[in-house]
Amino acid sequence: INTVSVFRRYDVTSGVLQATRPGTADDRLDGAMRIDPRTGYLFAEARDGVHVLDGTTLATITRVPSPSFGASARFVIDPDRPVMYVVWTAAQATGGYRSRIAMIDTMTFATLAEADLPLDVAVVGIVMGPRPPRATNLSSSVTEHEVVLQWTNQESRSIAAGIVVEAGSYPG
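Keep in mind the model is a prediction, meaning the values are calculated, not measured. (Residues numbered from 1 in each chain as written. Predicted model: local features only at pLDDT ≥ 70, side-chain atom pairs only at ≥ 80, totals over all residues. Heavy atoms only, no water.)

Chemist: What's the story with the overall build of the chain in this structure? I'm lost.
Modeler: Across its full length, the chain holds zero helices and 12 strands. For the chain, the α and β elements follow one another from N to C terminus as β-β-β-β-β-β-β-β-β-β-β-β. Residue pairs at least 24 apart in sequence account for 34% of intrachain contacts in the chain once pairs closer than 6 positions are excluded. For the chain, the accessible area works out to roughly 11700 Å², and carbon and sulfur atoms hold 53% of it. (Helix = DSSP H or I, 4+ residues; strand = E, 2+ residues; numbered from the N terminus. Contact = heavy atoms within 4.5 Å. Areas by Shrake-Rupley, 256 points an atom, 1.4 Å probe, with all protein chains shown as cover.)

In structure tokens:
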């Protein structure tokens, strides 16, 4: 059975239909849809990748394709950066599952990084946890060859697993 999607955009205040686009059998949507607040693009999970639609006209902009092993896509949009994380999972003919995760630029749709997941399980979703807040009241003191950094941590639901301090030197 082929299912064909129909996309409709309504004004939430008036309920007036603003745009419609008949789907095709190629859309093959099977999951969530999310709007990137930075671009207004509508991202839709599908069996053949993540479809990107213009949030106003509903015209197709592009598709972030699934890997060659064919898989359903699940994704989350980073609230702080123009990036989305996509995970694909497919059952293997030999048993078990194969999964891949990718970091995609939501402005250019370029793949920034990707890797196979070392799990033999079906990944059914992806969630972004909160980031630890930035440190405040940063101060430093230098005594001969010793540098001491001090800061105040803010209250947060998340906990930093570590802190990276990058240091360098320059003449003068």
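Chemist: Where do I start with a nonpolar patch on the surface in this structure?
Modeler: Residues L138, V142, V147, L149, W151, I163 and V165 make up a contiguous nonpolar surface patch of about 690 Å² in total accessible area. Those elements giving two or more residues to the nonpolar patch turn out to be β11 (136-143) and β12 (146-152). Sort the elements by how many residues they give to the nonpolar patch and β12 lands first, with three residues. Along the chain, the position of L138 falls in strand β11. Since its relative accessible area comes to 61%, L138 is described here as exposed. (Patch = residues over 30% accessible without salt bridge, like charges linked within 9 Å, V, L, I, M, F, W, Y side chains within 5 Å. Salt bridge = Lys/Arg side-chain N within 4 Å of Asp/Glu carboxyl O. Buried < 20%, exposed > 50% of the residue type's maximum accessible area, 1.4 Å probe, protein only.)

Chemist: What should I look at first to understand the nonpolar core in this one?
Modeler: Side chains that are nonpolar tend, in soluble globular proteins, to be buried together. By size, the foremost hydrophobic cluster in this structure holds 16 residues, and its most contacted members are F43, V50, F75, M84, V86 and W88. Elements that contribute at least two residues to this core include exactly β5 (49-53), β7 (72-77), β8 (83-91) and β9 (97-105). Among residues more than four places away in sequence, those in contact with V86 are V50, A73, R74, F75, R100, I101, A102 and I104. (Core = buried A, V, L, I, M, F, W, Y, C linked by side-chain atoms within 4.5 Å.)

Chemist: Sorry, what's going on with the pattern of salt bridges here?
Modeler: It is possible for side chains of opposite charge to pair when their charged atoms get near one another. Overall, the coordinates contain seven salt bridges when judged by the stated rule. Two residues, R74 and E45, come together in a salt bridge whose shortest N-O distance is 3.2 Å. One end of the pair, R74, is in strand β7; the other, E45, is in strand β4 (residues 42-46), and 29 residues separate them in sequence. Taken together, the shared-partner salt bridges in this structure form one network comprising R98, R100, E114 and D116.

Take it as geometry only, folks, not as evidence of what the structure does.
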